[in-house]
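# Structural overview
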Amino acid sequence: MSAAVGSGPSVGPVDSAATGAPVTVAPAQRTVNRPLALWLGLLGLGLLIGLGAWAYQLSQGLEVTNMRNPMMWGLYITLFMYFVGLSAGGLIVASAGRLFGAGGLKPIVRLAVLEATVAVLLAAIFVLPDIGRPDRAWHLFRYPNFHSPMMWDITIIVVYLLISLTYTWIYARADLARRGSWLALGTKASEAAQKRDERLKLVLAGVGLPAAILLHSITAWIFGLQISRGFWYTALMAPLFIASALVSGTGLMIILALIARRTRRVAFRDTLIAYMGKLLAIFVAVEAFLVFSEMLTAAYPGAGFEGDPVARLLTGRYAGFFWFEVGAGLIIPFALLVVPRLRRNLRWVAVASVLAMVGIFVHRLNIVINGLSFATVPYPPGVPVGTVQPVGTDSFALSLFYYPSWVEWLVALGVLCFGAIVFTVAAWRLPLREAVHG
Amino acid sequence: MPDKVSPIEALSPASRSYGEIGPVSAEPRWAMVVDQERCVGCWSCCVICKSENDVPLGMWWNRIDTVGDALDTPYREQGELAMHWLPLACQHCENPACTRVCPVGATYSREDGLVMQDSGRCIGCRYCLVACPYGVRVFNWGRPERPTEFHTGMVEPRPLGTMEKCTFCVHRLPDGQVPSCVWSCPGQARIFGDLNDPQSRVSRLVRERGGYQLLEERGTDPRVFYLPPRRKRGLEP
Ligand code: SF4
Ligand code: SF4
């Protein structure tokens, strides 16, 4: 990431439509250069390690994770939500730009669509290591129960994946046809085809935007509809998820855009980053507002169904995580982005983006772990169901403290590397630069 | 498993009749009453449950929680010490949170309202465990280990990576036998029967002793009713 941060203000290549200067974007490359090979090699290694860890987990069962009956979901589900969020966030920004005429985002629309596609793919993949019987994953299609928010989510993920794949392809096909690639699937690059594609893109933006919003709302409802968890059972869950998706999605888009420009895959002016920085500041503010509203509502009664988990988040065992989320994930990025002088500095925007992304990840962890770490039965002392994890001194009565095991970290690493490989190869082979018409 | 002798068959006929459900209405609605006045926290029901249902080590379908702040320790109420337990297993909710969320319908309500678990269909997503407000489901995190080489259970053991829970000993009901935990309780703190029969023991006890449901306010409508302890057992005379 630091590579992208390096390019100082207004030294990068600029958009030809805006300046009339020759375009300095490299054509889609066919040869692999050294750094690219090294990068892909590293990712491949990570993928192999992850596959090994997953094989180990398959042979031993989910016992090798640190999840147990009282803390039944962990890192995998957190990353699942996180990637759904990254995907939805990226697509919402890209589609809204298209629909509502924020034309300034045009140079990175393809990048955003590609990011959304890869991210939702990763989210779907994260389901596999999480379930106890991946060999039975086909049951989801054979015996669907449409009362289950999880089933709604699987449905929307499949639909959304198809939409974003189409989206990616429609954006690329004229260029692919011009290049004579088989990936164009027989479409021609004519003037008429171009016109038709423009219309199609608008339609897709119109479909993609609600699909992305629905995707993340449904993911929120997996949690927000559960009467068993006071910390989750709030109507604010879906809006909160959308806000956090916008924060993390925009953050990732800024970082990816900077890297893609560094590697000369896209071209845009620095003002675009400043513009996205402004958007990010707004999203962070909305997120902060929703988090505050949620916390206040739950904490005000002082205790009980909702109050206890919140008290624990504010001052208890997970307070460190929560205050990190607030400080590093909300306050600092907002402060950096709200000052116009800093916002025009790519370096600071990049720093703010990374912080905001990490902040949202911690926010998701807080939702899962703090939400689950509360026994709901009125008289909790007793033997926990499942293996007891010795944690600290109060280990015996109820062990609800969770941290991912090394297997979970390695499997997660593998999935991330896989995503990075797909993204890198796609960004390297596909035409990423959006032609600017009129 | 025909050649196995169930614990109940090993008993004399007189003892066996104790474990019989007796006459029920045409459409029985099974329910269990747990008398907190009688429970002494001895875990007998939990142990027989493990053997009846072949529940692996480290997993309990049925467990005994203690009222108060610490395990098997008295709590203070109105200046006096008291000690009570809360035997806890699946509540066989009329409106279960678990069946609603299972993406593949591996947990479902039977015609007669018992909440069942199909380990052949379960994909192990643990969403039901998230949704159940009572924390009574247990997951096969690792390869099931058992204290004996042979299976003690009267039902099929469940495979790795699937969910399981109390079934109200559904395999015993057709023979007119109460669930194992009911039959085994030395304090006779558990009573099993038909809620659709207003004269059954369960119906009468719930009516007369103020039977309450756990987390009633969440609307799950459990079929397990608890009878509150009648008096505080003070340590001073
Ligand atoms: S107690 Fe839990 S597992 Fe049993 S029926 Fe109710 S919600 Fe389902
Ligand atoms: S763990 Fe099994 S029974 Fe529970 S929700 Fe998932 S598939 Fe259904």
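That block above? That's the structure.
All values derive from a computational prediction rather than experimental measurement.

A regular strand places its side chains so that they alternate between the two faces of the sheet. Residues and elements named next belong to chain B. Judged by which residues are buried, strand E11 (residues 224-227) turns out to be covered on both faces: Val 224 and Tyr 226 on one side and Phe 225 and Leu 227 on the other are all buried. Bridging between strand E1 (residues 30-35) and E11 involves 4 bridges; their strand directions are parallel. Within E11, the position partnered with Met 32 by the bridge is Val 224.

All names here are of chain B. If you trace the 3 strands from one edge of the open sheet to the other, you get E10-E1-E11, paired in mixed fashion. In this open sheet, the two edge strands, each paired with only one partner strand, are strand E10 (190-194) and E11. Sheet twist, expressed as the average angle between the axes of neighbouring strands with direction ignored, equals 25 degrees. Docked against the sheet, helix H6 (residues 201-208) engages E1, E10 and E11, running at close to 115 degrees with respect to E10.

What follows covers empty space enclosed by the protein. All names here are of chain B. Evaluated as defined, the whole model comprises 9 cavities of 30 Å³ or more. If you add up the space inside the second largest cavity, you get close to 160 Å³. Around the second largest cavity sit 21 residues that line it, and Met 32, Ala 89, Cys 166, Cys 181 and Arg 190 are the ones nearest its centre. Listed by contribution, the elements that provide at least two residues to the lining of the second largest cavity are E1, helix H2 (44-53), strand E5 (85-88), helix H5 (180-184) and E11. Residues belonging to the lining of the second largest cavity are distributed by class as follows: 15 nonpolar, 5 polar and 1 charged.

Bringing the packing of helix H5 (residues 109-130) of chain A against helix H7 (residues 149-179) of chain A into the picture now. Working note: a packed helix pair is described by the angle between its axes plus the distance between those axes. Residue and element names in this part refer to chain A. In contact at an axis separation of 9 Å, H5 and H7 are set at 150 degrees when each is read in the N-to-C sense. Between H5 and H7, the crossing angle belongs to the class labelled roughly antiparallel. Like other packed secondary-structure pairs, H5 and H7 cross with a definite hand, here left-handed. In contact with Val 109, Arg 110, Val 113, Leu 114, Ala 116, Thr 117, Val 120, Leu 121 and Ala 124 of H5, H7 contributes Ile 157, Tyr 160, Leu 161, Ser 164, Leu 165, Tyr 167, Thr 168, Tyr 171, Ala 172 and Asp 175.

Now for the site of ligand 2. Taken together, 13 residues lie near ligand 2, and Cys 102, Cys 122, Cys 125, Arg 126 and Cys 128 of chain B sit nearest. When grouped by side-chain class, the residues that make up the shell around ligand 2 number 10 nonpolar, 2 polar and 1 charged.

Moving on, we get to the interface of chain A and chain B. Listed by partner, the interface residues are 50 residues for chain A and 54 residues for chain B. When chain A packs against chain B, the two sides together hide about 4,000 Å² of surface, and 60% of this comes from carbon and sulfur. Here chain A is connected to chain B by 1 salt bridge. For Arg 126 of chain B, the salt bridge goes to Asp 130 of chain A, with nearest N and O atoms at 2.8 Å. Viewed at the interface, chain B and chain A are joined by 28 residue pairs in polar contact (both at pLDDT 80 or more). For the side of chain A that touches chain B, the secondary structure elements donating two or more residues are helix H3 (34-60), helix H6 (139-142), H7 and helix H8 (191-224) of chain A. Looking at the side of chain A that touches chain B residue by residue, the classes come out as 28 nonpolar, 16 polar and 6 charged.

Neighbouring ligand 1 are 13 residues, the closest being Cys 90, Gln 91, Cys 93, Cys 98 and Cys 132 of chain B. By residue class, the composition of the shell around ligand 1 is 9 nonpolar, 2 polar and 2 charged.

Turning our attention to a nonpolar patch on the surface. Residue and element names in this part refer to chain A. On the surface, a nonpolar cluster with roughly 350 Å² of combined accessible area is contributed by Leu 42, Leu 45, Ile 49 and Leu 413. Considering every element that reaches the nonpolar patch, the biggest residue donor is H3, with 3 residues. Looking at where Leu 45 falls in the secondary structure, it is placed in helix H3.

Thresholds, definitions, all that
- Residues numbered from 1 in each chain as written.
- Chains lettered and ligands numbered in written order.
- Predicted model: local features only at pLDDT ≥ 70, side-chain atom pairs only at ≥ 80, totals over all residues.
- Heavy atoms only, no water.
- Buried < 20%, exposed > 50% of the residue type's maximum accessible area, 1.4 Å probe, protein only.
- Helix = DSSP H or I, 4+ residues; strand = E, 2+ residues; numbered from the N terminus.
- Pairing = 2+ DSSP bridges.
- Axes fitted to C-alpha atoms, helices over the stretch in contact; angles between N-to-C directions.
- Contact = heavy atoms within 4.5 Å.
- 1 Å grid on protein atoms, 1.4 Å probe; cavity = no way out; pocket = protein on both sides within 12 Å on 5 of 7 lines; lining within 4 Å.
- Points joined across faces, edges and corners; volume = space filled by probe spheres on them.
- Nonpolar A, V, L, I, M, F, W, Y, C, P; charged D, E, K, R; others polar.
- Parallel < 35°, antiparallel > 145°, perpendicular 65-115°, else oblique.
- Left-handed = near helix turned anticlockwise from the far one by under 90°.
- Near = heavy atom within 4 Å.
- Buried area = accessible area lost by both parts, 1.4 Å probe.
- Salt bridge = Lys/Arg side-chain N within 4 Å of Asp/Glu carboxyl O.
- Polar contact = N/O pair within 3.5 Å; in protein donor to acceptor, adjacent residues only side chain to side chain.
- Patch = residues over 30% accessible without salt bridge, like charges linked within 9 Å, V, L, I, M, F, W, Y side chains within 5 Å.
- Areas by Shrake-Rupley, 256 points an atom, 1.4 Å probe, with all protein chains shown as cover.

Limitation: the analysis is restricted to geometry and does not speak to function.
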